Amino acid sequence: MSVQRVGIVVHGGRPAAVAAADVVQRWCERQEVGCVAIDVWNQDEQRRDAREEVDAAGGPDLIVTLGGDGTFLRGARLAAQNDALVLGVDLGTLGFLTEVPADDVARALDAIHRGRVTVETRLMLTMRASRPLALPDGMDALLHYGRGPALPPPLVRPECAVAPDWGVALNLTALNDIVLEKLARDRQVSLGVYLAGRLLASYSADAVLVATPTGSTAYSFAAGGPVISPAADAIVFTPVAPHMTFNRSVVAAPDEAVAVRVLGHSGRAAVSVDGQLRGVLEPGDWIGVYAAPRRLRVVRLGPTDFYGRLRERMRLTDAPAADDTGVTPLWPHTTPAPDDLAHLRLPPLPVDAD
């Protein structure tokens with residue numbers, strides 16, 4: 001798994017991230033590996049489409065993100081275009097996505113270069129829409145206030161067949177979620193939601209969102225959605241503050257698309273992808289969200305302890321069971337799993353176990 005070219009995505013507002021980027025660059029120099037900063041912008045620059053970014057960077061086969069989960073999502077957007085590996089260096093506060101402490105970044109790069117890592121795949125979302133997405137005139141100026149410049153309108157995927165009744169295939173991916181939300185604070189958005197080609201319900205709500213298992217701990221969780229293991233294959237639909245009795249999430253199969261149509265009496269609706277505003281829909285417009293054909297390939301230095309991280313991030317460490325730290329059902333500490341449990345995903349035995 002030798003690395004040929006590294007793309008670095010840096011949270012420029014964090015000195016520790018900038019310092020870690022220097023470590024990555026020096027490692028690349030020692031290994032004679034190409035290295036380029038990617039997705040670099042400031043308030044006065046126009047950001048580029050993911051495909052354009054990756055091409056301009058020379059097609060890196062490893063993306064290293066230095067920041068928190070937001071920076072990791074930037075890197076995932078780029079890696080999905082090139083089927084590149086992603087290594088998340090943890091400089092955030094409440095993240096689930098990043099993996100490696102900043103002090104260990106050189107060791108992690110050595111392990112990747114020698115092929116001594118685990119590659120974990122994550123389901124991503126893509127979408128079609130009734131028309132190409134774009135932001136109305138003047139909205140770019142609003143987005144510049146307090147945050148970076150907006151991404152350009154998503155390009156149309158040229159490899160996909162064009163058929164008016166199937167909509168326009170857009171060149172974008174979401175690792176966390178795709179959200180349709182109201183534009184005006186005093187007016188909810190009215191939406192028809194369809195699962196697997198059948199109408200589920202009509203919602204008047206602040207928003208509706210479609211999330212991956214990875215994104216189940218992000219906006220969907222805050223809206224009351226379920227926590228889903230990132231190892232699962234599922235698509236989660238969650239309404240946000242709906243004015244109706246049925247306010248539950250629905251967990252769909254990965255081959256079941258979720259379509260959302262803006263109803264005729266609704267106001268306009270904003271489309272956000274992984275927290276980035278990508279367009280505005282008018283009444284009568286629709287989007288269809290479904291599993292992307294490719295999955296994100298995430299570098300892990302060892303088995304992922306998702307539930308341990310969930311317990312830590314959600315501050316569940318004061319549970320009464322914590323007093324019995326030496327007792328964990330279905331996780332023997334000294335013997336291999338019996339045959340009927342051998343197929344389960346369990347933590348590895350300690351190194352000194354028989």
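Residues numbered from 1 in each chain as written. Predicted model: local features only at pLDDT ≥ 70, side-chain atom pairs only at ≥ 80, totals over all residues. Heavy atoms only, no water.

Asks: An account of the sheet that holds strand S10 (residues 189-195) is requested, with residue identities and associated values reported.
Replies: The antiparallel open sheet is built from six strands, whose spatial order is S8-S7-S18-S15-S10-S11. Two strands close off the open sheet at either side, each with one partner strand: strand S8 (168-174) and strand S11 (198-205). Ignoring which end each strand starts from, the neighbouring axes of this sheet average 25° apart. Strand direction decides the pairing type here: strand S7 (residues 125-129) and strand S18 (residues 286-291), joined by five bridges, are antiparallel. Looking at S18, one finds that Ala129 is bridged to Ile287. (Pairing = 2+ DSSP bridges. Helix = DSSP H or I, 4+ residues; strand = E, 2+ residues; numbered from the N terminus. Axes fitted to C-alpha atoms, helices over the stretch in contact; angles between N-to-C directions.)

Asks: Tell me about the environment of Ser2, residues and numbers included.
Replies: Mapped onto the fold, Ser2 is located in the segment before strand S1 (5-10). For Ser2, a relative accessible area of 42% puts it in the partly exposed group. Spatially, the C-alpha atom of Ser2 lies 35 Å from that of Pro149, the residues being 147 residues apart in sequence. Setting aside its immediate chain neighbours within four residues, Ser2 contacts Asp61 and His113. (Buried < 20%, exposed > 50% of the residue type's maximum accessible area, 1.4 Å probe, protein only. Contact = heavy atoms within 4.5 Å.)

Asks: I'd like a description of the side chain of Glu53, backed by residues and values.
Replies: Along the chain, Glu53 falls in helix H2 (residues 50-56). On the basis of relative accessibility, which here comes to 5%, the residue Glu53 falls in the buried class. In terms of polar contacts, Glu53 uses its side chain to reach the backbone amide nitrogen of Asp39, at 3.3 Å. Not counting the four nearest positions on each side in its chain, Glu53 is found in contact with Ile38, Asp39, Arg48, Arg77 and Leu78. (Polar contact = N/O pair within 3.5 Å; in protein donor to acceptor, adjacent residues only side chain to side chain.)

Asks: Lay out helix H3 (residues 69-82) with the relevant residues and their values.
Replies: Within an α-helix, residues lying three or four positions from one another point in the same direction, as the helix has 3.6 residues per turn. With 14 residues, H3 extends 20 Å from end C-alpha to end C-alpha; this agrees with the ideal 20 Å at 1.5 Å per step. With respect to burial, H3 is a largely interior element, eleven of its 14 residues being buried. Turning to H3, its buried residues are Thr71, Phe72, Leu73, Arg74, Gly75, Ala76, Arg77, Leu78, Ala79, Ala80 and Gln81. Looking at the packing, one finds that the buried side of H3 touches S1, H2, strand S3 (62-67), strand S4 (85-90), S8 and strand S19 (296-300). Asp83 sits one or two positions beyond H3 and adopts a positive phi of about 55°. (Expected span 1.5 Å × (residues − 1).)

Asks: Give me the packing of aromatic side chains: which residues, what numbers.
Replies: Within the structure shown, the criterion is met by two aromatic pairs. Measuring from ring centre to ring centre gives 5.0 Å for Phe306 and Tyr307, while their planes differ by 75°; the resulting arrangement is edge-to-face. For Phe306, a relative accessible area of 11% translates into the label buried. Using a relative accessible area of 51% as the deciding quantity, one classes Tyr307 as exposed. (Phe/Tyr/Trp six-rings, centres within 6.5 Å; stacked < 30°, edge-to-face > 60°.)

Asks: Any chance you could break down the pattern of salt bridges for me, citing the residues and the numbers?
Replies: Once their charged atoms are close, side chains differing in charge can pair, the charge on each being opposite to the other. Enumeration according to the criterion identifies 13 salt bridges in this entry. For the salt bridge of Asp39 with Arg77, the shortest nitrogen-to-oxygen distance reads 3.4 Å. Of the two residues, Asp39 is situated in the loop between strand S2 (34-37) and H2 and Arg77 in helix H3; the sequence distance between them amounts to 38 residues. A single burial state applies to Asp39 and to Arg77, both of which are buried. For Asp233, the salt bridge is made with Arg295, and the minimal N-O distance between the two is 2.8 Å. Of this pair, Asp233 sits in the loop between helix H6 (219-222) and strand S13 (235-240) while Arg295 sits in the loop between S18 and S19, and the two are 62 residues apart along the sequence. On the basis of relative accessibility, which here comes to 41%, the residue Asp233 falls in the partly exposed class. On the basis of relative accessibility, which here comes to 33%, the residue Arg295 falls in the partly exposed class. Through salt bridges with shared partners, a single network forms among Asp39, Arg47, Arg74 and Arg77. (Salt bridge = Lys/Arg side-chain N within 4 Å of Asp/Glu carboxyl O.)

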